[in-house]
Amino acid sequence: MPGSGVICVLGDAHLDLVVHLHGAFVPDTDTAARMSLRLGGQAANVAAWVAALGGRSRLIAARATDLAGRLVETELSARGVEIAGPVVAGRTGVVVSLTDAGARRSMLTDRGVGPLLPAESVRPSWLNGCSWLHLSAYALVMRPAQGAALAAATAAASRSARLSIDLSSTAAIMEYGVPRFRDLLTRLGPDVLFGDQAEAELIGAVTGAELIVKLGAGGVRAGGRHYPAAPTTAVDATGAGDAFAAGYLLGGVPLGLTAAARAVATIGAMP
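Residues numbered from 1 in each chain as written. Predicted model: local features only at pLDDT ≥ 70, side-chain atom pairs only at ≥ 80, totals over all residues. Heavy atoms only, no water.

Caption draft 1: Representation of the overall build of the protein chain in the model. Within the protein chain, the regular secondary structure consists of 8 helices and 15 strands. Over its C-alpha trace the protein chain gives a radius of gyration of 17 Å, about what one expects of a compact globule, namely 18 Å for 271 residues. Oriented by its inertia axes, the alpha-carbon framework of the protein chain measures out at about 55 × 45 × 35 Å. Counting the 271 residues in the protein chain, one finds 52% classified as buried. When the accessible surface of the protein chain is split by element, carbon and sulfur atoms take 56% of a total near 11,700 Å². (Helix = DSSP H or I, 4+ residues; strand = E, 2+ residues; numbered from the N terminus. Rg over C-alpha atoms; globule rule 2.2 N^0.38 Å. Buried < 20%, exposed > 50% of the residue type's maximum accessible area, 1.4 Å probe, protein only. Areas by Shrake-Rupley, 256 points an atom, 1.4 Å probe, with all protein chains shown as cover.)

Pasting the structure below:
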């Protein structure tokens, strides 16, 4: 069940370059597009949406030493997100999102220092006051970030915080190994899993976890019930699932759908 308290989120914080194509991509020549540089990263998106929806969020992430890293930290703090995590030598990640009138999106991903969050850097005190710990599959399948995610999950469980996991990527899960990933989920015992239709079919049911299937413009399926999407005018689907997760953790499916509708009505993944 959703609830009050700090929503703790562990994972990436980087830059998103959103490319809104005005037509079909044509190789070897110009293709008209509108581009926007924004903050991004699945974990950072969820944390920012929690804050925008009136909740408290704490982001646990590796921060790069480059200029972009300082920009990301400053902008997230200005949005009301509490920042935790070490500074790691390297560059900030960049994801290029290609979107087609809000209906679809494809991503070119350079994760930078995102996966380099070491387990030994995680302080159990970062989970103090958290009602939820939200993890992404990216953090769970990449080393050394996996160790950090497991350490945070242990600290969260000892504080009676609930655990939610976004399945995030069929490609990442398949590369890691589906049976191996399912075993990891069984060990962690999440309360809630978020995934799109393909991710949900890949993983299947996990004992003890509520599976919430994100259906894009079709809304979501949760607890054996279909919930239609809230009315909106879609211009960019980037980050809609992250907005839904933030809303759900704060106020259940209705707030999740409201947040997702707000997300797709604007360019970029942040509120």
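Caption draft 2: How the structure looks around the packing of helix α4 (residues 145-158) against helix α6 (residues 178-188). Put simply, α4 and α6 touch, their axes get as near as 11 Å, and they point 25 degrees apart. Between α4 and α6, the crossing angle belongs to the class labelled roughly parallel. Taking contact as the criterion, the partners of Q146, L150 and A153 in α4 are, on α6, L184, R187 and L188. (Axes fitted to C-alpha atoms, helices over the stretch in contact; angles between N-to-C directions. Parallel < 35°, antiparallel > 145°, perpendicular 65-115°, else oblique. Contact = heavy atoms within 4.5 Å.)

Caption draft 3: Representation of the nonpolar core. By size, the foremost hydrophobic cluster in this structure holds 44 residues, and its most contacted members are L10, L127, L133, L140 and F181. Every element with two or more residues in this core is listed here: β1 (6-10), β10 (130-136), α3 (137-141), α4, β11 (162-166), α5 (170-176) and α6. Ranked by residues supplied to this core, first place goes to α4 with 7 residues. When residues no more than four places from it in sequence are discounted, the contact partners of L127 are C8, R58, I60, L133, A152, A155, A156 and R159. Within the second largest apolar cluster, 39 residues are counted, among which are V9, L15, A68 and F244. (Core = buried A, V, L, I, M, F, W, Y, C linked by side-chain atoms within 4.5 Å.)

Caption draft 4: Representation of the pattern of salt bridges within the structure. Going through the model one piece at a time under the given rule, you end up with 6 salt bridges. A salt bridge links K214 to D166, with the nearest nitrogen and oxygen atoms 3.1 Å apart. In this pair, K214 is assigned in strand β13 (residues 210-214) and D166 in strand β11, connecting sequence segments 48 residues apart. Taking relative accessible area as the criterion, K214 reaches 18% and is therefore assigned buried. Put simply, R56, R58 and E82 are held in one network by salt bridges that share partners. (Salt bridge = Lys/Arg side-chain N within 4 Å of Asp/Glu carboxyl O.)

Caption draft 5: Region of the structure containing the side chain of S136. Within the element layout of this structure, S136 appears in strand β10. A residue is classified by how much of its surface remains accessible, and S136, at 8% relative accessible area, is buried. Not counting residues up to four positions away in its chain, the partners in contact with S136 are L10, Q42, D166 and S168.

Caption draft 6: Quick look at the sheet that holds β11. Overall, mixed pairing links the 9 strands, which are arranged β6-β4-β1-β10-β11-β12-β13-β14-β15 in an open sheet. This sheet does not close on itself; its edge strands, each paired only once, are β6 (82-84) and β15 (225-227). In this sheet, adjacent strand axes meet at a mean angle of 20 degrees when their direction is disregarded. Direction of pairing for strand β12 (residues 192-196) relative to β13: parallel, over a ladder of 5 bridges. Note that in β13 the partner of F194 across the bridge is I212. (Pairing = 2+ DSSP bridges.)

Caption draft 7: Geometry of α4. An ideal rise of 1.5 Å per residue puts 20 Å on 14 residues; α4 measures up with 20 Å between its terminal C-alpha atoms. The inward-facing, buried residues of α4 abut β1, β10, α3, α5 and α6. One or two positions beyond α4, positive phi appears at S160, with a value near 65 degrees. (Expected span 1.5 Å × (residues − 1).)

Caption draft 8: Geometry of the packing of aromatic side chains. The tally for this structure, following the rule as stated, stands at 4 aromatic pairs. Grouping aromatic residues by their ring pairs yields a cluster made of F194, F244 and Y248. When the ring centre of Y138 is taken as reference, the NZ or CZ atom of R111 above it lies at 4.1 Å. Above the ring of Y176, the side-chain terminus of R180 is found at 4.0 Å from the ring centroid. (Phe/Tyr/Trp six-rings, centres within 6.5 Å; stacked < 30°, edge-to-face > 60°. Lys NZ or Arg CZ within 6 Å of the ring centre and 35° of its normal.)

Caption draft 9: Representation of helix α1 (residues 42-52) within the structure. In terms of residue burial, α1 counts as a mostly covered element, since 10 of its 11 residues are buried. Inspection of α1 places Q42, A43, A44, N45, V46, A47, A48, W49, V50 and A51 among the buried residues, and these make up the whole buried set. Looking one or two places after α1, you find G54, whose phi comes out positive at around 100 degrees.

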